[in-house]
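Coordinate inspection notes
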Amino acid sequence: MKHISLALIGDQKVGKTTIVNLLHKEFENQGTTYQLSTGDILYTIWELQTSSFEPARIEIFSKSFLEASQPYYRFVIIVSDSSRDDVDKIKISMKFLRQIFPNTRFAIIANKQDFENSFSSKQIEQMIKLPTLGLSAVDTTHRERLLNFIAYLIESDTGL
Ligand SMILES: Nc1nc2c(ncn2[C@@H]2O[C@H](COP(=O)(O)OP(=O)(O)OP(=O)(O)O)[C@@H](O)[C@H]2O)c(=O)[nH]1
Ligand SMILES: [Mg+2]
């Protein structure tokens, strides 16, 4: 069985839990992780609680995530609120994140697209150079595009 692991990280209040809840119907809560198996693939989703850019905190998280996942079958999805400050912070954190998550594929969710002044997914993709999904996680009609994005990441070789 192939095991795909997805970690949602990102600063406080950017919408990580809302995104997990948007997927909730299919993913079953296992305590701190959510799981779904379809055919011969097991998916596990992890959410890093609260500010992901504190080095001490994220290193504890990355250790357990790396232990429980397979190289190249794991994804770190960085959730942003699409504000300038947050996108800048992600940009400067990328080098560190790549170090502590080796052999991991990265992507961005540009959340809170319904906010005025939010950067578009295109802008963020150009700034951080990672596959980026624009989302408004409070909009339940966005569930399908979230699932499609995850499927696209898994099927392609982006984010390495
Ligand atoms: N308008 C709008 N509000 C959102 C969106 N996504 C999340 N929110 C709201 O933002 C707040 C924070 O969302 P959470 O999902 O709790 O954020 P989080 O990243 O899990 O926060 P922590 O776990 O505390 O770090 C909640 O009030 C959500 O309803 C969005 O796309 N648009
Ligand atoms: Mg949360």
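See the structure above.
None of the values given here were measured: they were computed from a predicted structure.

1. Some thoughts on the overall build of the protein chain
The helix and strand tally for the protein chain stands at 5 helices and 7 strands. When the helices and strands of the protein chain are placed in sequence order, the string is β-α-β-β-β-α-β-α-β-α-β-α. Taking 2.2 N^0.38 as the reference for a compact globule, 160 residues should give roughly 15 Å; the C-alpha atoms of the protein chain span a radius of gyration of 14 Å, in line with that estimate. Taken along the three principal axes of its C-alpha coordinates, the protein chain extends 45 × 35 × 30 Å. Considering only contacts in the protein chain between residues 6 or more positions apart, those separated by 24 or more positions represent 70%.

2. Structural notes on the site of ligand 1
Near ligand 1 there are 16 residues, and of these G15, K16, T17, T18 and S136 occur at the shortest range. A per-class count over the shell around ligand 1 returns 3 nonpolar, 9 polar and 4 charged.

3. Remarks on helix 2 (residues 55–68)
With 14 residues, helix 2 ought to run about 20 Å at 1.5 Å a step, and its terminal C-alpha atoms sit 20 Å apart, in line with that. Turning to helix 2, its buried residues number three or more, namely I58, S62 and F65. The arc enclosing the buried residues of helix 2, seen along the axis, measures out at 70°, which places them on a common side. Turned more than 90 degrees from where helix 2 packs its buried face, A56, E59, I60, K63 and E67 sit exposed. Residues of helix 2 that are buried make contact with strand 1 (2–9), strand 4 (41–47) and helix 3 (84–100).

Procedures and definitions
Here the residue numbers are simple positions, counted from 1 along each chain's written sequence. For this description, chains carry letters from A and ligands carry numbers from 1, given in the order in which they are written. Restriction of local features to residues with pLDDT of at least 70 applies here, the model being predicted, together with a cutoff of 80 or more for giving and counting side-chain atom pairs; totals for whole chains, interfaces and linings are based on all residues. Segments assigned H or I by DSSP are reported as helices when at least four residues long, segments assigned E as strands when at least two residues long, and all are numbered from the N terminus. Only the C-alpha atoms count toward the radius of gyration. The rule for a globule is 2.2 Å times the residue count to the power 0.38. A pair of residues counts as a contact when their C-beta atoms, built from backbone coordinates, are within 7 Å of each other. Near, for a residue, is defined by distance from a backbone-placed C-beta atom to a molecule or strand, with 6 Å as the limit that must not be exceeded. When residues are sorted by character, Ala, Val, Leu, Ile, Met, Phe, Trp, Tyr, Cys and Pro go into the nonpolar class, Asp, Glu, Lys and Arg into the charged class, and all the rest, Gly among them, into the polar class. Helix span is expected to be 1.5 Å times the residue number reduced by one. Residues with at least 20 neighbouring C-beta atoms inside 10 Å of their own are called buried, those with 12 or fewer are called exposed, and the rest are partly exposed, where every C-beta is derived from the backbone. By definition, the arc is the one covered by directions from the helix axis to the C-beta atoms.

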